[in-house]
Amino acid sequence: MEPETQIETTAMQPERIDNIALTPTWKNLMKFALPTILSTIIMSTFGVVDGIFVSRLIDPIALAATSVVFPFLGFSLAIGLMLGVGGNALIAKKLGEGREVESRQNFSLITVVGLVVSAVISLVGLTFPDLIMDILGVDDFIRPMGLDYLRPLLWFLPVFVLSMMFQQFLITVGKAHYSAVTALVGGVSSAVLNYVFIRVLDMGIFGAALATSIGFSLPAIVGIVYFTFARGGSLYFVMPRFDIRALGRTSINGASEMLAMLATSITAAIMNNVLLDLGGAESQAAAAVMFTGMGVFTALFIGYASGVAPMISYNYGKGDTSNLKKAYKNSMWLIALLSIASVLLALPSTNLLIGIFDIPVGSNMYDMAAVAFRFTIASFIFVGFNSFGSMFFTALNNGVVSSIIALLRTLVFVVIAFMTLPALFGLTGAWMAFPAAEILAIFATVFFFVKMRKKYNYA
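Presented here is a report on the structure given in the accompanying data block. (Residues numbered from 1 in each chain as written. Predicted model: local features only at pLDDT ≥ 70, side-chain atom pairs only at ≥ 80, totals over all residues. Heavy atoms only, no water.)

Observations regarding the overall build of the protein
What counts is decided by this rule: In this description a helix means any DSSP run of H or I spanning at least four residues, a strand means any run of E spanning at least two, and both kinds are numbered starting from the N terminus. In this description the radius of gyration comes from C-alpha coordinates, and the expected globular size is given by 2.2 Å times residues to the power 0.38. Between buried and exposed lies partly exposed: a residue is buried under 20% and exposed over 50% of the maximum accessible area for its type, with that area taken using a 1.4 Å probe on protein chains only. Every residue pair with non-hydrogen atoms within 4.5 Å of one another is taken to be in contact.
In terms of helices and strands, the protein carries 17 helices and 0 strands. The C-alpha atoms of the protein give a radius of gyration of 21 Å, which matches the 23 Å a tight globule of 459 residues would have. Here the protein holds 459 residues, and 60% of them are scored as buried. Restricting the contact set of the protein to residue pairs at least 6 apart, pairs at least 24 apart contribute 84%.

Here is the structure:
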């Protein structure tokens, strides 16, 4: 990184931000968000690739090992998501205000902080792996496979965090398609390496985690190369200047996304413990199938929200309320259409989803997975609006409201559902928890949309 001494500009060069400054029509919103949607969906399928090869080449019950390790990985990646989303909202706003030099310094500082924090987490995980297994509710039968799956993920954890961060920052500089392409290449590489490591080299579930880790590293490599050498754009690495206010604002802005991922990890750990009591390892494996399907379809909404967030932040920083209103209104319509489409696509996909894991038709695990995913489909009508609501207020640099929405939908309501529904309906109640939480969360999302519209003048 090199110091930057140019005088702060009062307005951004138009050629640098022609994408982020486009009028947010339906066409432009989708054009701007599509690469992020594709990259988010592709990256969400990394676990699918693991699951397919683990289930087919090892044993379907080994899916439980990938499922129980997910909460720790999610906890770690939450750091990258917080810094990426929160920093992106701050930086896109500053770019809209014409503060380019400060934006680059903040961006470089955030990258260094993300790398250091993730390295510390990785070291702690490698030092106390058995403690992690205890917290995650892993029994003695699954523990050896869980440990084998966890270790490679810990080795590559700093790279994972950088991938999460750069995925967000590439959106702002109009290079979201880089993330999409690298995610696709990474996904194909992961699939090939899974076969080689598991089938050819007989590395078992350790090989599956190693294959995924290598594939997931590509976005980080591309981001490092781009932000180091592409110095004609609005963002690139410079000598960071320590700015506690920028780090604080980044943390507040991204707190909602971090809380959402942390809460998902916490609730997944709670769910694994509940399922262990209700249905044993088979139900945990069925939950892995459910999370796979849920992850792919919800990635559609998360990708859209992440994709359009820099456009919202830029117009907010610029003070362009006309474009802000268009972005809000058009996004509402687009999310409604995407929600309907996801339900119509997911319903006939249930058997296909379970079939790719080679789970025997008619088996207890097959039936549990089918019921679990069909209940999850009900949440797709609401999850898009809830995800966009949280990300929308992050883009407006209101981390408090964004965090409240995220915390309610991903932790508070889910925990309440898990405390009540399984007691009333048994295992079926556990499958009902996530859609129940999304239904309750829509009321909070609508409340804040209405309450905050005068403050930000977006409706």
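Re the environment of G86
The residue G86 is located in helix 3 (residues 63-96) in this model. Sequence separation of G86 and M165 is 79 residues, and the distance between their C-alpha atoms is 9.7 Å. The residues touching G86, leaving out its near neighbours within four places in the chain, are L81, T250, N253 and G254.

Here we look at the environment of A285
Position of A285 relative to the elements: it lies in helix 11 (residues 280-318). Through-space distance from the C-alpha of A285 to that of F443 is 32 Å; in sequence the pair is 158 residues apart. Every residue in contact with A285, bar those within four places of it in the chain, is listed here: P60, L63, A64 and M365.

Some remarks on the packing of aromatic side chains
Using the following cut-off: Between 30 and 60 degrees the pair is tilted, below 30 it is stacked and above 60 it is edge-to-face, where a pair is any two Phe, Tyr or Trp rings, Trp via its six-membered ring, whose centres lie within 6.5 Å.
Scanning all chains against the criterion turns up 23 aromatic pairs. Their ring planes at 55 degrees and their centres at 4.7 Å tell us that F107 and F227 sit as a pair that is tilted. Within this pair, whereas F107 is found in helix 4 (residues 100-127), its partner F227 is found in helix 9 (residues 204-229), the two being separated by 120 residues in sequence. The same class applies to F107 as to F227, namely buried.

A few points about the side chain of S163
Inspection of the secondary structure assignment puts S163 in helix 7 (residues 157-172). If we ignore the near neighbours within four places in the chain, the residues touching S163 are F216, S217, P219 and A220.

So, helix 6 (residues 143-155)
What counts here: Helix span, expected: 1.5 Å multiplied by one less than the number of residues in the helix.
An ideal rise of 1.5 Å per residue puts 18 Å on 13 residues; helix 6 measures up with 19 Å between its terminal C-alpha atoms. Among the residues making up helix 6, those that are buried are R143, M145, G146, L147, Y149, L150, P152, L153 and L154.

A look at a nonpolar patch on the surface
Put simply, the rule reads: Nonpolar side chains (Val, Leu, Ile, Met, Phe, Trp, Tyr) are joined into patches within 5 Å and like charges within 9 Å, using only residues with over 30% relative accessible area and no salt bridge. The Shrake-Rupley method, run with a 1.4 Å probe, gives the accessible areas here. Residue values count only the displayed protein chains as cover. We define a salt bridge as a contact between a side-chain nitrogen of Lys or Arg and a carboxyl oxygen of Asp or Glu at a distance within 4 Å.
Nonpolar side chains collect at one region of the surface, where V112, V116, V120, V124, F128, L131 and I135 lie side by side and expose about 630 Å² of accessible area between them. Taken together, the elements giving at least two residues each to the nonpolar patch come down to helix 4 and helix 5 (129-135). The element best represented in the nonpolar patch is helix 4, accounting for 4 residues. With respect to the element layout, V124 can be found in helix 4. Overall, V124 belongs to the partly exposed group, its relative accessible area being 46%.

So, the side chain of D243
Looking at where D243 falls in the secondary structure, it is placed in the loop between helix 9 and helix 10 (244-278). Its relative accessible area of 13% is what places D243 among the buried residues. In this structure, D243 is in contact with E102, N106 and L109, ignoring residues within four places of it in sequence.

Details of unusual backbone geometry
The backbone of D202 shows a phi angle near 55 degrees, a positive value even though the residue is not glycine. With respect to the helices, strands and loops of the structure, D202 is situated in the loop between helix 8 (176-200) and helix 9. Looking at D202, the relative accessible area reads 65%, which means it is exposed. In this structure, N397 takes a positive phi of about 65 degrees despite not being glycine. Its location among the elements puts N397 in the loop between helix 15 (380-395) and helix 16 (399-425).

Section: the packing of helix 4 against helix 7
Put simply, the rule is: Here the axes come from fitting lines to C-alpha atoms, over the contacting stretch only for helices, and the angles between their N-to-C directions go from 0 to 180 degrees. Here the angle decides the label: under 35 degrees means roughly parallel, over 145 means roughly antiparallel, 65 to 115 means roughly perpendicular, and every other value means oblique. It is the rotation of the near helix from the far one that decides the hand of a crossing: anticlockwise by less than a right angle makes it left-handed, clockwise makes it right-handed.
Relative to each other, helix 4 and helix 7 sit at 150 degrees, their axes nearing to 8 Å. Judged by the inter-axis angle, helix 4 sits roughly antiparallel to helix 7. The handedness of the crossing between helix 4 and helix 7 comes out as right-handed. Along the contact surface, helix 4 presents F107, I110, T111, G114, L115, S118, A119, I121 and S122, while helix 7 presents L157, P158, V161, L162, M165, F166 and F169.

Observations regarding the pattern of salt bridges
Following the criterion strictly, the structure yields 7 salt bridges and no others. R104 is the partner of E100 in a salt bridge, and the nearest nitrogen-oxygen pair spans 2.8 Å. Of this pair, E100 and R104 both sit in helix 4, 4 residues apart, which is roughly one turn of that helix. E100 gets classed as buried once you look at its relative accessible area, which sits at 1%. Here R104 falls in the buried class, since its relative accessible area comes to 0%.

Function cannot be inferred from these measures alone, as they are strictly geometric.
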